[in-house]
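So you can see what is in the structure, the chains are spelled out below.
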Amino acid sequence: GAGVSQSPSNKVTEKGKDVELRCDPISGHTALYWYRQRLGQGLEFLIYFQGNSAPDKSGLPSDRFSAERTGESVSTLTIQRTQQEDSAVYLCASSSHRGRDGYTFGSGTRLTVV
Amino acid sequence: QQQVKQSPQSLIVQKGGISIINCAYENTAFDYFPWYQQFPGKGPALLIAIRPDVSEKKEGRFTISFNKSAKQFSLHIMDSQPGDSATYFCAAATGNQFYFGTGTSLTVIP
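Right, let's walk through the structure included here.

Cut-offs applied
- Residues numbered from 1 in each chain as written.
- Chains lettered and ligands numbered in written order.
- Predicted model: local features only at pLDDT ≥ 70, side-chain atom pairs only at ≥ 80, totals over all residues.
- Heavy atoms only, no water.
- Disulfide = S-S within 2.5 Å.
- Helix = DSSP H or I, 4+ residues; strand = E, 2+ residues; numbered from the N terminus.
- Buried < 20%, exposed > 50% of the residue type's maximum accessible area, 1.4 Å probe, protein only.
- Core = buried A, V, L, I, M, F, W, Y, C linked by side-chain atoms within 4.5 Å.

What about the state of the cysteines?
Logical step 1: Per the stated rule, a full pass over the model turns up two disulfides over all chains.
Logical step 2: Between the sulfur atoms of Cys23(A) and its disulfide mate Cys92(A) the distance is 1.9 Å. Looking down the S-S bond of the Cys23(A) and Cys92(A) bridge, the torsion is -65°, so its handedness is left-handed. Taken together, the positions of Cys23(A) in strand β3 (residues 19-24) and Cys92(A) in strand β8 (residues 88-96) put the pair 69 residues apart, joining distant regions of the chain.
Logical step 3: Assessed through its relative accessible area of 0%, Cys23(A) is described here as buried.
Logical step 4: Its relative accessible area of 0% is what places Cys92(A) among the buried residues.
Logical step 5: There is a disulfide in this structure between Cys23(B) and Cys90(B), and the S-S distance comes to 1.9 Å. Judged by the torsion about the S-S bond (-95°), the Cys23(B)/Cys90(B) disulfide is left-handed.

What follows is the structure in structure tokens.
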């Protein structure tokens, strides 16, 4: 597609349930990032995938968070046993090895844990 | 530890005025400094970016000033318009690792 696509755009879940968020990067983009943005806050780095290299998971806040990406395709971010503090917008971005000006964000998934 | 420090947190400017947002960094390995603009309900979008071999880059009403020795860079929005009201993030990158500032909420009053 033309841009980074994230789904769902909104998700309301009950505390304790697992959720899965999806990111479709721009075709050909080798790098993919996940960020968390709490209301009125900045971008909190979660995880970074670069091609087939081992992902940089240094930003994941707890072992309830995990993410997968197969090759240079879709990525899923999974949050297990959700807590109210997980409520935020989860943003995905992708970029090409050709140039960082192509670093493009999706519109995010707004997660609300009730 | 915040790799990129951004200020102010919020800014109110009259229409036609100049908006100035500042960022500072410590890591001299950073070699790419973009600014992103984010409207409510949307993801951040690249506005303008600079590399450390130049001191200024201008695109329309938007200018980045870069001071390598001070490790600071700033975004200037000339003739600010109500449509510029958004949150602005600075960032610094080395390779494909991006570090973002905490954002500045800009409101331009008509």
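Overview of the nonpolar core
Logical step 1: Core analysis: the biggest nonpolar cluster contains 24 residues, and Phe33(B), Trp35(B), Phe73(B), Leu75(B), Tyr88(B) and Leu106(B) have the highest contact counts within it.
Logical step 2: Listing elements by their share of this core, those giving two or more residues are β2 (10-14), β3 (19-25), β4 (33-38), β5 (45-50), β7 (62-67), β8 (72-77), β9 (86-94) and β11 (104-109) of chain B.
Logical step 3: Grouped together as the second largest cluster of nonpolar side chains are 20 residues, Leu21(A), Trp34(A), Tyr90(A) and Leu111(A) included.

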